[in-house]
Amino acid sequence: MIVFLESDRLILRQFVENDIDNLFDLNSDSEVMRYINGGLPTSYHDIKESLSKNIAAYEKNADLGFWVAIEKTSNKFIGWFHFLTTTNFDYLAEFNLVTGDEIALGYRLRRASWHKGFATEGSKAIIAKGFSELGVTKVVSWALIENKASIRVMEKVGLRREKEFCFTENQLPNLLVSERKAAIYGLSKDEFIAKYNN
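A few points on the structure. (Residues numbered from 1 in each chain as written. Predicted model: local features only at pLDDT ≥ 70, side-chain atom pairs only at ≥ 80, totals over all residues. Heavy atoms only, no water.)

## A few points about the overall build of the protein chain
Within the protein chain one finds seven helices and eight strands. Compactness check: the protein chain gives a C-alpha radius of gyration of 16 Å against a globular reference of 16 Å for 198 residues, within 12% of the reference. Across its three principal directions, the C-alpha atoms of the protein chain cover 45 × 40 × 35 Å. For the protein chain, the proportion of contacts with a sequence separation of at least 24, taken over those separated by at least 6, is 64%. Summed over all atoms, the accessible surface of the protein chain reaches about 10,600 Å², with 48% contributed by carbon and sulfur. Seen as two clouds, the 25 positive and the 27 negative side-chain charges of the protein chain have centres 5 Å apart. (Helix = DSSP H or I, 4+ residues; strand = E, 2+ residues; numbered from the N terminus. Rg over C-alpha atoms; globule rule 2.2 N^0.38 Å. Contact = heavy atoms within 4.5 Å. Areas by Shrake-Rupley, 256 points an atom, 1.4 Å probe, with all protein chains shown as cover. Lys, Arg positive; Asp, Glu negative; His and termini not counted. Charge placed at Lys NZ, Arg CZ, Asp CG, Glu CD.)

Laid out in structure tokens, this is it:
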């Protein structure tokens, strides 16, 4: 087990092939997927392909990628976080939301782990590591505006709303136009230092 970081209640570690069933369960929950694609499950085949790519990516850069979130007290899989260059998300450049120098923070947690502060705790720990150890100069994250819980997490960890945009019908075909509206949030290293040095 290769650990990326630990916080008070969480261990974030690299994915392994045996995580596939946990990922399948996570992506089969319509509520978890509601603000991802309108609530549709991800096929086992697609999860397997994605998992293999994510594991292979650690060889190129062990500091960026997807990280399994394990709750320390139960030792259970509760979801994942990602910390990736924004060049991994074509639509961010397409909408002129990023320059490519930012690092994108994201997370997806099991419904049983919602409303317990895990998303905020994990995000804070990743952001701090990024700025203090990994040479990151700016962190961004985004969510559909209707996803109030994710918006709250971004605000709690110090990210500020920068721009609003709307996903296309091709990108999110299972959502109405009003449901495809989103916002991107950001936090620079200078802002982070000023916030925590005061």
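## Observations concerning the packing of aromatic side chains
Scanning the model with the defined rule gives 13 aromatic pairs in all. Taking 6.3 Å as the distance between ring centres and 65 degrees as the angle between the ring planes, the aromatic pair formed by Phe89 and Tyr91 counts as edge-to-face. The pair formed by Phe89 and Tyr91 is uniform in burial state, with each residue classed as buried. An angle of 65 degrees between the planes, with centres 5.0 Å apart, marks the rings of Phe165 and Phe167 as edge-to-face. Side by side, Phe165 and Phe167 carry an identical accessibility label, which is buried. Every member of this aromatic cluster is reached through a ring pair, and the members are Phe89, Tyr91, Phe95, Trp142, Phe165 and Phe167. Above the ring of Phe4, the side-chain terminus of Lys129 is found at 5.2 Å from the ring centroid. (Phe/Tyr/Trp six-rings, centres within 6.5 Å; stacked < 30°, edge-to-face > 60°. Buried < 20%, exposed > 50% of the residue type's maximum accessible area, 1.4 Å probe, protein only. Lys NZ or Arg CZ within 6 Å of the ring centre and 35° of its normal.)

## Focus: helix α5 (residues 118-133)
With 16 residues, α5 ought to run about 22 Å at 1.5 Å a step, and its terminal C-alpha atoms sit 22 Å apart, in line with that. Burial analysis of α5 places twelve of its 16 residues in the buried class, which makes it a mostly covered element. Along α5, the residues that are buried comprise Phe118, Ala119, Thr120, Glu121, Gly122, Ser123, Ala125, Ile126, Ile127, Lys129, Gly130 and Phe131. (Expected span 1.5 Å × (residues − 1).)

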